[in-house]
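Residues per chain are reported as follows:
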Amino acid sequence: HNAIEACRFTIRKANVHDGKRIWRLVSESGRLDVNSPYCYIMLTEYFKDTCLVAEMGGEAVGFVSAFLQPAKPETLFVWQIAVSDAHRGHGIADSLLSALVAEECCRRVRFVEATVSPDNRPSKRLFEKLARKLGAPLAAGEGFAASLFPGEAHEDERLIRIGPILRH
Ligand SMILES: CC(=O)NCC[C@H](N)C(=O)O
C-alpha cells in the first residue's frame, strides 16, 4: 500500500506561493537555466493558466512553465519542465505536459514548441512521447544556437516542434 501511496501526486495550477519552491526545484535540477525567484513568482501570477505544479505529500515535486506565443496563439511554448530527482520515474513530467495541453486555455493549440539541449535526452524523450500521445508529428528546428549565449558555457537549444495537433 505504501508503495502505491508514495507514487500518488496531484497536478494543479501554480500560484505565487509556489514561486520559491519552483526556483529551488530548477536550481537543484542541475540541467535548466535558473531564472530569478522573481521570474518564477511573476510567471505564476501572469502566466498562471499555463504554469502547473505536481504536488506529492503537500510538496511541489515537479513543475512546468509555458505560454501561448503572442504572435502565434495556436502555438504553446513550453519554457521549462523539472521534476525533483527523488521523484523521477513516476511519470510526473509526462502528466504535467498532458495536463498542460489539456488546459481549457490550450483548447485551440495546434503546435507545441520547446527547446532542448542535445545532451538532455530525458527531455527529448519526454516530447517524443507527447507527440506520440497527441498523434502528431515532431520536427526539429534551429532554436537558439550556443553562440547567442554569453561565454562558452551554454549548449545549443534545439527547437522541438510538435504538430499540427488535430483536436478530436
Ligand atoms: C523544455 C525545457 O525544460 N527547456 C529548457 C530550456 C532552457 N534551458 C531553460 O532552462 O529555460
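Calculation notes
- Residues numbered from 1 in each chain as written.
- Predicted model: local features only at pLDDT ≥ 70, side-chain atom pairs only at ≥ 80, totals over all residues.
- Heavy atoms only, no water.
- Helix = DSSP H or I, 4+ residues; strand = E, 2+ residues; numbered from the N terminus.
- Buried < 20%, exposed > 50% of the residue type's maximum accessible area, 1.4 Å probe, protein only.
- Polar contact = N/O pair within 3.5 Å; in protein donor to acceptor, adjacent residues only side chain to side chain.
- Near = heavy atom within 4 Å.
- Areas by Shrake-Rupley, 256 points an atom, 1.4 Å probe, with all protein chains shown as cover.
- Nonpolar A, V, L, I, M, F, W, Y, C, P; charged D, E, K, R; others polar.

## As for the side chain of Asn120
Then comes step 1: Note that Asn120 resides in the loop between β5 (111-116) and α5 (121-134).
Then comes step 2: Residue Asn120 is classed as buried on the basis of its relative accessible area, which comes to 10%.
Then comes step 3: Among the polar contacts made by the side chain of Asn120, one reaches the main-chain amide nitrogen of Ser123 at a distance of 3.2 Å.

## Quick notes on the site of the ligand
Then comes step 1: In the neighbourhood of the ligand, the contacting residues comprise Leu32, Asp33, Trp79, Gln80, Ile81, Thr115, Phe127 and Glu157.
Then comes step 2: In this structure, Ile81 approaches the ligand through a main-chain N or O atom, which is 3.2 Å from an oxygen atom.
Then comes step 3: For the ligand, a nitrogen atom lies 2.6 Å from a polar atom in the side chain of Glu157.
Then comes step 4: Considered on its own, the ligand offers 330 Å² of accessible surface; in the complex 91% of this is hidden by protein.
Then comes step 5: By residue number, the principal contributor to the shell around the ligand is strand β4 (residues 72-83), which donates three residues.
Then comes step 6: Residues that form the shell around the ligand fall into these classes: four nonpolar, two polar and two charged.

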